[in-house]
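# Understanding the architecture of this molecule
Single-letter residue listing:
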Amino acid sequence: MTESEADLLALLRELDDPEWLEWPPHYDRGATAARFGGLLTRLEGDFSARCTDEQDTQDSSEYGRVVVPADATVCGTRIVVCVSKFGSLG
């Protein structure tokens, strides 16, 4: 293992919550859900379309994702927005 690999492994272990391996320390599931709901509402309003979403993805560093349908975009391509458990939406 190279030094950079060892540093990366140490960083990843530092970011894990020792009790809950599915999310980082100080993760506020309720606040993330509220922000995600706000994002979904905003995207649906901005694109004037019903967007699909997946929330609280289990065993993942991703909280969830929102899909804007292709027919709602100017270029005709769907947009997928992925939200990490390791960053805020604020």
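Below is a short write-up of the structure. Position numbers for residues count from 1 along each chain, tracking the sequence in the order it is written. At least 70 in pLDDT is required for a residue's local features to be given in this predicted model, at least 80 for side-chain atom pairs to be given and counted, and no such filter applies to totals for whole chains, interfaces and linings, which use all residues. Side-chain metrics in this entry use all non-hydrogen atoms of the structure; hydrogen atoms and water are not considered.

Our focus in this paragraph is the overall build of the protein chain. Secondary structure elements are taken from DSSP: a helix is a run of H or I of four residues or more, a strand is a run of E of two residues or more, and numbering for both begins at the N terminus. Looking only at helices and strands, one finds two helices and three strands in the protein chain. Helices (α) and strands (β) of the protein chain occur, in sequence order from the N terminus, as α-α-β-β-β. For the exposure calls, accessible area comes from a 1.4 Å probe over protein chains only, and a residue counts as buried if that area is under 20% of its type's maximum, exposed if over 50%, partly exposed in between. Counting the 90 residues in the protein chain, one finds 21% classified as buried. Any two residues whose heavy atoms approach within 4.5 Å are treated as being in contact. A sequence separation of at least 24 residues applies to 34% of the contacts in the protein chain between residues at least 6 apart.

What follows is about a nonpolar patch on the surface. Nonpolar side chains collect at one region of the surface, where Leu-8, Leu-11, Leu-12, Leu-15 and Phe-86 lie side by side and expose about 440 Å² of accessible area between them. Take Leu-8: its relative accessible area is 48%, and that puts it in the partly exposed class. For patch detection, residues must exceed 30% relative accessible area and be free of salt bridges, and they are connected within 9 Å for like charges or within 5 Å for nonpolar side chains (Val, Leu, Ile, Met, Phe, Trp, Tyr). Computed with the Shrake-Rupley method and a 1.4 Å probe, the accessible areas treat only the protein chains shown as cover for residues. When a carboxyl oxygen of Asp or Glu lies within 4 Å of a side-chain nitrogen of Lys or Arg, that pair is called a salt bridge.

Applying the stated criterion across every chain yields a total of three salt bridges. Between Glu-62 and Arg-65 there is a salt bridge whose closest N-O contact spans 3.0 Å. Residue class for Arg-65 comes out partly exposed when judged on its relative accessible area of 29%.

Burial runs high along strand β2 (residues 62–68): six of the seven residues are buried. Connecting the antiparallel pair strand β1 (residues 52–55) and β2 is a turn made up of six residues, with Asp-56 showing a positive phi of about 55 degrees. Only strands joined by at least two bridges in the DSSP assignment are considered to pair. Relative to strand β3 (residues 79–84), β2 runs antiparallel, the two being bridged by six bridges. Following the sheet pairing, Val-67 is matched in β3 by Val-80.

To continue, consider unusual backbone geometry. Unlike most non-glycine residues, Ser-48 shows phi in positive territory, near 50 degrees. Within the secondary structure, Ser-48 sits in the loop between α2 (29–47) and β1.

A word on the sheet that holds β3. Read across the open sheet, the three strands follow the order β1-β2-β3; overall the sheet is antiparallel. The open sheet has two free edges, formed respectively by β1 and β3, since each of these has just one partner strand. Across the sheet, the axes of successive neighbouring strands diverge by a mean angle of 10 degrees, strand direction being ignored. To define axes, lines are fitted to C-alpha atoms, for helices over the stretch in contact only, and angles between the resulting N-to-C directions are given on a 0 to 180 degree scale. Across the sheet, α2 lies against β1, β2 and β3, angled at about 10 degrees from β2, the strand it touches most.

The next subject is α2. With 19 residues, α2 extends 27 Å from end C-alpha to end C-alpha; this agrees with the ideal 27 Å at 1.5 Å per step. Within the span of α2, buried status applies to Thr-32, Phe-36, Leu-40 and Leu-43. Taken down its axis, α2 places every buried residue within 80 degrees of arc, on the same side. Of the residues in α2, the exposed ones pointing more than 90 degrees away from the buried face are Ala-34, Thr-41 and Arg-42. On the buried face of α2, the contacting elements are β1, β2 and β3. A helix's residues, less one, multiplied by 1.5 Å, set its expected span. What the arc measures is the spread of directions leading from the helix axis to the C-beta atoms.

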